[in-house]
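Observations on the three-dimensional arrangement
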Amino acid sequence: MAPLNIDYSTIVKIHAPATVANMVCGFDVLGFAVNDPYDEMQIRFSATPGITIINDDEYNLPTDPEKNVAGAALLAMMEEINEPVGFELTIKKNIKPGSGVGSSAASAAGAVVAANKLMQHPFNNEDLVRFAMNGEKLASGVKHADNIAPCIYGGVTLIRSIFPLDIVALNAPPLFVSIVHPQIEVRTADARSILQQKVLLKDAIKQWGNIAGLVAGLLKEDYDLIGRSLEDVLIEPVRSILIPGFDLIKQKAKEAGALGGGISGSGPSIFMLSKTQATANQVAEAMHQVYEQLSLDHHTYVTTVNHAGVRFVE
Ligand code: HSE
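Residues numbered from 1 in each chain as written. Predicted model: local features only at pLDDT ≥ 70, side-chain atom pairs only at ≥ 80, totals over all residues. Heavy atoms only, no water.

**Let's talk about the overall build of the chain**
Looking only at helices and strands, the chain has 10 helices and 11 strands in total. Taken over the C-alpha trace, the chain has a radius of gyration of 19 Å; the compact-globule value for 314 residues is 20 Å, and the two agree within 12%. With the C-alpha coordinates aligned to their principal axes, the bounding extent of the chain is approximately 55 × 40 × 35 Å. The 314 residues of the chain split such that 54% are buried. Residue pairs in contact within the chain that sit at least 24 positions apart in sequence constitute 75% of those at least 6 positions apart. Of the roughly 13,600 Å² of accessible surface on the chain, 50% is carried by carbon and sulfur atoms. Averaging the coordinates of the 24 positive side-chain charges in the chain and doing the same for the 34 negative ones gives two points 5 Å apart. (Helix = DSSP H or I, 4+ residues; strand = E, 2+ residues; numbered from the N terminus. Rg over C-alpha atoms; globule rule 2.2 N^0.38 Å. Buried < 20%, exposed > 50% of the residue type's maximum accessible area, 1.4 Å probe, protein only. Contact = heavy atoms within 4.5 Å. Areas by Shrake-Rupley, 256 points an atom, 1.4 Å probe, with all protein chains shown as cover. Lys, Arg positive; Asp, Glu negative; His and termini not counted. Charge placed at Lys NZ, Arg CZ, Asp CG, Glu CD.)

In structure tokens, the structure reads:
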């Protein structure tokens, strides 16, 4: 790597988008970025080598870089920089931790994308995914890239493999996304620990049929095929017990016109895809009504697929 050109006056500011991992049937292999919500971060060089983290939000996340997902990602990046360097990173999280829309990924991916720009791009996107996965390891116990990759690349991504990394950006037709976030926290590590380690062949056949169908549906812009393929026979039956009202939300959302949907990442958020903004609004309203009846605090979002990934802002 070429020696760094360190300019202490440069500040890089970014928006790191929320992401929906799994896309129902593609556990750990599919994910997409959305335009709302997003975290706001800024980074600059610091004269003190190492990482200084400043939290500019209400979440009281750790500022020790080894215990912070953004810090863990930056530490992995710094191992491949051949000179002492210091970063000061300020994080304003708008994506609530534990919400299931890639909060940890936004922090980790945002940090390395911003640092890379500050250093004038010594690393490529695949390197950045590799570094950012260390944040996911800290958050959930395992490396997975189905939030990180769409956060960095934008759009819908297929993670064919993480060792070695093989990321495929997928074209997709316009999709509107309704998300409901019940105000409960589900830790990804817990949601992973309840999964069975073995699956039945008949279930695996259904699942890979759906993954292939979903990818084909996206590429062919076939909304019916996308809708039919949004089915998960492996993970959802286990995890949905952690999410109050899950089955009713799904039923009401489909009645309101959604193509389909399910648990966002490891939950508790639930997402639904629709063909039009008007339908997505009706779907969000239907989901909101279910939680109103259950008297469960919640937030709803109607958004679209974000094709840019992490954005640089002035
Ligand atoms: N694929 C991961 C999981 C995503 O479902 O555990 C976590 O956001």
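**Describing the domain arrangement of the chain**
Per the domain assignment, the segments of the chain are domain 1 (11–171 + 307–313) and domain 2 (176–304). With centres defined by C-alpha atoms, the gap from domain 1 to domain 2 works out at 24 Å. In this assembly, domain 1 packs against domain 2 so that about 2,600 Å² is buried in total across both faces, 65% of it on carbon and sulfur atoms. The interface formed by domain 1 and domain 2 holds one salt bridge in total. The shortest N-O distance in the salt bridge between Arg192 and Asp28 comes to 2.7 Å. Our count for the contact surface shared by domain 1 and domain 2 stands at 10 residue pairs in polar contact (both at pLDDT 80 or more). Looking at the side of domain 1 that touches domain 2, the elements with two or more residues in it are strand 1 (12–21), strand 2 (30–45) and helix 3 (125–140). Broken down by element, the residue count for the side of domain 1 that touches domain 2 peaks at seven residues, all from strand 2. Across the side of domain 1 that touches domain 2, the residue classes tally to 17 nonpolar, 10 polar and three charged. (Domains from an automatic or database assignment. Buried area = accessible area lost by both parts, 1.4 Å probe. Salt bridge = Lys/Arg side-chain N within 4 Å of Asp/Glu carboxyl O. Polar contact = N/O pair within 3.5 Å; in protein donor to acceptor, adjacent residues only side chain to side chain. Nonpolar A, V, L, I, M, F, W, Y, C, P; charged D, E, K, R; others polar.)

**Re the site of the ligand**
Around the ligand, the structure places Ala21, Asn22, Phe27, Asp28, His144, Asp146, Asn147, Thr188, Arg192, Arg239, Gly265 and Ser266. In this structure, a nitrogen atom belonging to the ligand sits 2.5 Å away from a side-chain N or O atom of Asp28. Note that a nitrogen atom of the ligand is positioned 2.7 Å from one of the side-chain N or O atoms of Asp146. Protein burial of the ligand: of its 260 Å² of free accessible surface, 97% is covered by the chains. A domain split of the shell around the ligand shows at least three residues from each of domain 1 (11–171 + 307–313) and domain 2 (176–304). (Near = heavy atom within 4 Å.)

**Re the sheet that holds strand 7 (residues 176–182)**
One open sheet accounts for four strands, arranged 8-9-7-10; its pairing is antiparallel. The outermost strands of the open sheet, each flanked by one partner alone, are strand 8 (260–263) and strand 10 (298–304). Taken over all neighbouring pairs, the strand axes of this sheet differ in orientation by 15° on average, direction set aside. Alignment of strand 7 against strand 10, held across seven bridges, turns out to be antiparallel. Pairing of Ile179 across the sheet is with Tyr301, part of strand 10. Strand contacts of helix 10 (residues 277–293): strand 7, strand 9 (270–274) and strand 10, with the helix running at about 15° to strand 7, the strand carrying the most contacts. (Pairing = 2+ DSSP bridges. Axes fitted to C-alpha atoms, helices over the stretch in contact; angles between N-to-C directions.)

**What to know about the packing of aromatic side chains**
In the structure shown here, the tally under the stated rule is three aromatic pairs. With 4.9 Å between their ring centres and 85° between their planes, Phe123 and Phe131 make a pair best called edge-to-face. When its relative accessible area of 10% is taken as the criterion, Phe123 is described as buried. When the ring centre of Phe312 is taken as origin, the NZ or CZ atom of Lys117, which lies over that ring, is 4.7 Å away. (Phe/Tyr/Trp six-rings, centres within 6.5 Å; stacked < 30°, edge-to-face > 60°. Lys NZ or Arg CZ within 6 Å of the ring centre and 35° of its normal.)

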